[in-house]
Amino acid sequence: AAGFEGEGLSDIVIEGLEFRSCSVRFEQCQRMVVRDCRFRFPSTPREFPDARTVAARRQNLRLAGDDNLLEQVLVEWAIDGGIEVEGAGNRIEDCVVHDCNLHGRHPGPGISLLGRNRSVGTGGLPVNTITRCTVQNVGGVGVYAAGRGIVQADHNHVFNAGLYCVDVSAVYLPVGRD
């Protein structure tokens, strides 16, 4: 279930809230800010079906769009992934994700940042960033950064990743993929 969800929104700030057994999901959004929020048990499925069904039912914290910011967000005890951000020019800063992806499947990393190619005048592509985040006690991948566009991941602390699977990376940055 989503505490807040929407599509095509812009310039909204969600700050200082605690979410229990729900999350926020925004699609095609711009300049959204989620700051100083806590998400405890954001998704609680009763079954673990095949990977395609899991992806369709996913209820993790998700922002899809451009120029969004997640800052000082805590995500804990998520059955699936913790944070998923998709688009261009997005920032994930000073966040903590722990005890997530408790089934150990590849879909559902602690933090997922998917780039989407976007043309911006003559300045090139805006950079997606993951900075000063902590990801710990994750069943699968700790930080997953992929897609088109530039991703910068620096000054992060990732440990105890891959607790429930065997073919995994703490930080997964595919090279040479679109």
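Here, every reference points to the structure presented above.
Everything numeric here is computed off the predicted structure, so don't read it as measured data.

1. Quick word on the overall build of the protein
Here is step 1: Of regular secondary structure, the protein possesses one helix and 19 strands.
Here is step 2: Taken across its 178 residues, the protein has 44% of its residues classed as buried.
Here is step 3: When the accessible surface of the protein is summed, it comes to about 8,700 Å², and 47% of that surface belongs to carbon and sulfur atoms.

2. As for the sheet that holds strand 1 (residues 2-7)
Here is step 1: Taken in spatial order, the seven strands line up as 1-4-7-10-13-16-19 in an open sheet, and their pairing is parallel. The open sheet terminates on both sides in strands that have one partner only, identified here as strand 1 and strand 19 (171-172).
Here is step 2: Pairing between strand 1 and strand 4 (residues 23-30): five bridges, direction parallel. The residue bridging Ala 2 from the neighbouring strand is Ser 23, located in strand 4.

3. Re the pattern of salt bridges
Here is step 1: A complete count under the given rule lists 11 salt bridges for this structure.
Here is step 2: Across the salt bridge formed by Arg 31 and Asp 11, the nearest N and O atoms sit 2.7 Å from each other. Of this pair, Arg 31 sits in the loop between strand 4 and strand 5 (33-35) while Asp 11 sits in the loop between strand 1 and strand 2 (13-15), and the two are 20 residues apart along the sequence.
Here is step 3: Close ionic contact of Arg 132 with Asp 94 constitutes a salt bridge, the shortest N to O distance being 3.0 Å. With Arg 132 in the loop between strand 14 (128-131) and strand 15 (134-138) and Asp 94 in the loop between strand 11 (91-93) and strand 12 (96-100), this pair connects stretches of sequence that are 38 residues apart.
Here is step 4: We classify Arg 132 as partly exposed; its relative accessible area is 42%.
Here is step 5: Ionic contacts of the salt-bridge type, sharing partners, join the residues Glu 27, Arg 62, Glu 84 and Glu 86 into one network.

Thresholds applied
Every chain's residues receive numbers from 1 upward, in the order its sequence appears when written. The predicted nature of this model means local features are confined to residues of pLDDT at least 70 and side-chain atom pairs, given and counted, to a pLDDT of 80 or more, with totals for whole chains, interfaces and linings taken over all residues. Each side-chain value is derived from all of the structure's non-hydrogen atoms; neither hydrogens nor water enter the calculation. Helix and strand labels come from DSSP, where a helix needs a run of H or I of at least four residues and a strand needs a run of E of at least two; each type is numbered from the N terminus. With a 1.4 Å probe rolled over the protein chains alone, any residue whose accessible area is under 20% of its type maximum counts as buried; one over 50% counts as exposed, and the rest are partly exposed. The accessible surface values rely on the Shrake-Rupley method and a 1.4 Å probe; as for residues, cover is taken only from the protein chains in view. Strand pairing is assigned whenever DSSP detects at least two bridges linking the two strands. The salt bridge definition used is simple: a Lys or Arg side-chain nitrogen within 4 Å of an Asp or Glu carboxyl oxygen.

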